[in-house]
Structure formats: structure tokens, C-alpha cells
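Commentary on secondary and tertiary structure
Listed here are the chains, written in short residue letters.
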Amino acid sequence: MGKDKMELSLSLNNTCNLRCRMCRIWNSGEEENKLTLEKCQGVIDELGAFEVKGVRLSGGDPLLVPWVLDLAGYINKKKYHSCATTNGSMINEAYALKIVSSGLSNLNISLDSYTPGIHDTIRGLPGGRDRIMDAIGHIAKKGSGPEIGINTVISNFNLDDLLILADAIQDDKRINHLYFMAIMQPFNTPPDKGWFLKEDFRGLWPEDKDKVRYVINELIARKKSGYKINNSFAQLRAFVDYFLDPLHFARKNTCNLGKEVMEVNQMGDVFLCHLYESIGNVFQDSLSNIWGSEKARLVRDKINRCSQNCNLLINCYFEEEDV
Ligand code: SF4
Ligand code: SF4
């Protein structure tokens with residue numbers, strides 16, 4: 001029997017230097033980070049038991065972790081694909097050189113608008129958009145660095161500006177791809193299906209349904225014409241359904257989590273889906289044992305039977321086929 005496929009996500013911290021409008025990760029308190037470089041290297045060593053699809057480095061913002069690029073270098077030596085996601089605010093020229101030297105395969109930077117005022121308002125950092133463009137320049141100048149991707153969260157703040165962003169990214173040869181995500185209930189707030197109706201979050205939610213339809217259909221048309229938009233057509237269409245009727249948005253397929261993805265948080269706890277319990281901890285057991293454990297089997301059963309009208313899937317693991 002062949003090895004199981006595995007995409008490993010390592011969440012290295014749960015802290016961030018920004019205070020974005022769509023995220024309250026900064027509200028989680030100063031939780032201890034138990035993962036160390038040595039522990040993560042040990043976990044990477046254990047991936048030999050799997051057919052590795054790639055390793056994601058996430059957070060919080062993983063670039064705030066002092067040893068993150070040493071880890072990227074270690075993953076590179078093992079010849080696994082690596083990917084890190086960042087707000088890009090701390091990438092100056094010296095940091096860009098370290099990123100390039102590390103051998104990181106892919107760097108996804110969050111850019112919500114090409115217009116400085118809009119991006120900076122969403123992300124709460126004056127000059128934030130310009131810092132990102134400078135960061136991209138620093139990395140591109142070094143040559144042979146990671147592929148650079150842009151992640152953009154669609155919200156009411158940037159809906160008017162998304163087409164300008166898509167056109168600008170298309171023209172920018174330094175950027176490999178653009179990936180859209182739909183605004184979700186801000187991270188680290190109590191679960192609430194009607195979150196988007198709450199006064200606190202109203203500014204985030206796009207209420208002009210005609211505009212949503214128009215803008216996303218225009219993005220679909222641009223993708224058809226060859227734009228480097230990484231979302232599938234089916235996912236872009238699903239965004240329209242989601243924004244028009246979030247309470248009744250429904251995935252059409254059964255959930256595929258539990259088959260090829262494992263997430264390890266900063267405390268070493270391992271999850272197949274964050275809505276279900278942890279299946280183990282990397283400080284107590286090996287990855288293969290955790291993957292094959294009774295706890296994992298029980299959570300997989302729950303995932304197979306999961307009837308959540310789950311919005312997590314629309315952004316992260318959307319797998320409906322294009323037709
Ligand atoms: S969205 Fe990303 S950059 Fe913004 S506060 Fe959350 S983790 Fe930080
Ligand atoms: S909650 Fe969502 S991601 Fe988790 S198992 Fe259910 S459908 Fe899948």
C-alpha cells in the first residue's frame with residue numbers, strides 16, 4: 001500500500017502585529033508558543049512516512065517567529081514545497097534577502113486593495129500598502145526568490161476596488177497569482193451564524209447584492225480571459241451565492257477534510273477540522289501515530305457525517321469542480 005498524502009499546516013504563533021478589521025487574533029491573549037524550531041524540524045522529519053504535498057507555515061503572522069526562515073530552509077533541504085502567509089509589514093530589504101536565501105517556495109502576502117487608503121484602513125496600518133509593494137520589490141530584486149502570491153479578502157471595504165486590484169496584479173510580472181477569499185466571521189469572536197447582521201461587523205459585510213454580483217462576474221470574466229486568479233470558477237460563483245444568502249449558503253460536496261490535511265497549532269495540538277476536538281499533540285506522539293489513532297478515526301467519522309453549512313470550506317479547502 002502506498003503512503004498517505006499529506007499537506008501539513010504548522011501554525012507557529014497566534015499573535016500578530018496588526019489589528020485588521022476582519023480578525024481579532026490579537027484578542028486571544030499572550031498564549032504561550034510551545035513549538036520550537038527543533039520540535040518543528042522533528043515533525044518535518046516524520047513526514048517521511050507520508051507522500052508530502054507541502055508544508056504551510058501560518059499563524060498569527062509566522063514571519064514574527066524569529067526562526068521561521070530557518071524552518072523554511074530545513075523544509076527546503078528535504079525538498080518539500082513550503083508556503084508562508086504574511087501581512088508583509090515587516091519585510092524590509094534585509095528580511096527580503098533572508099527570505100530568498102531560505103529557499104521558501106511560496107510567499108502569500110495579504111493585500112486587500114491596490115489603493116493605499118483602502119488597504120491601510122482595513123489593515124489598520126498607515127503606509128501598509130506601500131510597505132507591501134516595497135517588500136515585493138525587495139524580494140523580486142534578489143531574483144530566484146519564492147513565488148509571490150497575493151491574498152485578498154473580499155469585504156464591503158474593498159468591493160469597489162477589486163477590479164482595479166485584479167488589473168494591477170495582472171500587469172505586475174513579479175506577482176505569480178491572486179487568490180480571493182470571502183469575508184468570514186472575524187477570527188476569535190464567539191461563534192454566531194448571524195454575525196454579519198451585528199452592528200460591530202456591518203461595515204465588513206457587502207450589502208449591495210447587485211454590486212457583489214457585478215464585481216464577481218467581472219472577476220470571472222477576467223479569469224476566463226487569462227488573468228492569474230487562482231480561485232476556480234466554481235469557487236468564484238460560490239462567493240456570489242454566499243454573499244447573497246450567507247445563512248443558506250451550502251457546499252454541494254461532502255467535506256474532504258481528514259483525508260490529506262493535518263493542522264498543528266502553536267501548542268502542538270493536531271486537528272483535522274478546528275470545529276472538532278484535537279486528535280493528538282506532537283509533544284506526546286508521532287505524526288503517523290496521531291494520523292492513524294482512534295481519536296483521528298472518531299473525528300473522521302464526525303467529518304464524514306458533518307452537516308454544518310460550513311463557510312470555512314469556501315475559502316480554504318474548496319473542492320467543487322468547475323463545470
Ligand atoms: S488578518 Fe492576518 S494580518 Fe490581520 S490581524 Fe489577523 S493575523 Fe494579523
Ligand atoms: S465543520 Fe466544515 S470543515 Fe469541519 S468537517 Fe464540517 S464541513 Fe468540514
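See the structure above.
We now turn to the structure provided with this report. Source: prediction; values computed, not measured.

**Comments concerning the sheet that holds strand β9 (residues 280-281)**
The nine strands are arranged β6-β5-β4-β3-β2-β1-β7-β8-β9 in an open sheet whose pairing can be described as mixed. Of all strands in the sheet, those bounded by a partner on one side alone are β6 (177-182) and β9. Where strand β3 (residues 82-86) and strand β4 (residues 106-110) come together, four bridges link them in parallel fashion. Pairing of A84 across the sheet is with L107, part of β4.

**Focus: the site of ligand 1**
The immediate surroundings of ligand 1 are formed by C16, L18, C20, C23, I25, W26, G60, D61, N87 and S110. Along the lines of polarity and charge, the residues of the shell around ligand 1 split into six nonpolar, three polar and one charged.

**Describing the packing of helix α7 (residues 209-224) against helix α8 (residues 233-244)**
α8 packs onto α7 with a crossing angle of 180° between their chain directions and a minimal axis gap of 10 Å. When the axes of α7 and α8 are compared, the pair comes out roughly antiparallel. In contact with K209, V212, R213, I216, L219, I220 and K223 of α7, α8 contributes F233, L236, F239, V240, F243 and L244. Here the contact of α7 with α8 is composed, by residue class, of ten nonpolar, no polar and three charged.

**Details of the environment of I303**
You can see I303 is positioned in helix α10 (residues 294-304). In the structure, I303 is positioned 92 residues away from K211 in sequence and 35 Å away in space, judged by C-alpha atoms. Setting aside anything within four residues of it in sequence, one finds I303 in contact with C255, L257, G258, L272 and C273.

**Points about helix α2 (residues 68-77)**
When α2 is considered as a whole, its buried residues turn out to be V68, L69, L71, A72, Y74 and I75. Elements that come into contact with the buried residues of α2 comprise α1 (37-45), β2 (51-58), β3 and α3 (93-102).

**A look at the pairing of strand β7 (residues 261-264)**
The two faces of β7 differ: M262 and V264 on one face are buried, but V261 and E263 on the other face are not. Relative to β7, strand β1 (residues 5-11) runs parallel, the two being bridged by four bridges. When the sheet's bridge partners are listed, L8 is paired in β7 with M262. Between β7 and strand β8 (residues 269-271), which follow one another and run antiparallel, lie four residues, and G268 among them has a positive phi close to 90°.

**A short note on the site of ligand 2**
Taken together, C255, L257, C273, L275, I303, C306, Q308, C310, L312 and L313 make up the full set of residues adjacent to ligand 2. Across the shell around ligand 2, the residue classes tally to nine nonpolar, one polar and no charged.

**Looking at α7**
When the terminal C-alpha atoms of α7 are compared, their 22 Å separation across 16 residues agrees well with the 22 Å that a helix rising 1.5 Å per residue should span. Turning to α7, its buried residues are V215, I216 and L219. End-on view of α7: buried residues confined to an arc of 90°, all on one side of the axis. The exposed set on the far side of α7, more than 90 degrees from its buried face, consists of K209, D210, A221 and K224. Elements in contact with the buried residues of α7: α6 (162-171) and α8. Of the residues one or two after α7, G226 is the one with positive phi, at around 110°.

**Side note on the pairing of β1**
Two faces make up the sheet, and in a regular strand the side chains alternate between them. Here β1 pairs with β2 via seven bridges, running parallel. If you follow L10 over to β2, its bridge partner there is L57.

Calculation rules
- Each chain has its residues counted from 1, following the order in which its sequence is written.
- All chains are assigned letters beginning at A, and all ligands numbers beginning at 1, according to the order in which they are written.
- Only residues with pLDDT of at least 70 are given local features in this predicted model, and only at 80 or more are side-chain atom pairs given and counted; all residues enter the totals for whole chains, interfaces and linings.
- Criterion used throughout: strands pair if DSSP finds at least two bridges between them.
- By definition, any uninterrupted DSSP run of H or I lasting at least four residues is a helix, any uninterrupted run of E lasting at least two residues is a strand, and each is numbered from the N terminus.
- Defining nearness, a residue is near a molecule or strand when the C-beta atom obtained from its backbone falls within 6 Å of it.
- When residues are sorted by character, Ala, Val, Leu, Ile, Met, Phe, Trp, Tyr, Cys and Pro go into the nonpolar class, Asp, Glu, Lys and Arg into the charged class, and all the rest, Gly among them, into the polar class.
- With axes taken as lines fitted to C-alpha atoms, and helix axes fitted only over the stretch in contact, angles between N-to-C directions fall between 0 and 180 degrees.
- Roughly parallel refers to an angle under 35 degrees, roughly antiparallel to one over 145, roughly perpendicular to one between 65 and 115, and oblique to any angle outside these ranges.
- By definition, residue pairs are in contact when their C-beta atoms, positioned from the backbone, come within 7 Å.
- Between the buried cut of 20 or more and the exposed cut of 12 or fewer other C-beta atoms within 10 Å of a residue's own C-beta lies the partly exposed class, and all C-beta atoms are placed from the backbone.
- Take the number of residues in a helix, subtract one, and multiply by 1.5 Å to get its expected span.
- In this description, the arc belongs to the directions extending from the helix axis to the C-beta atoms.

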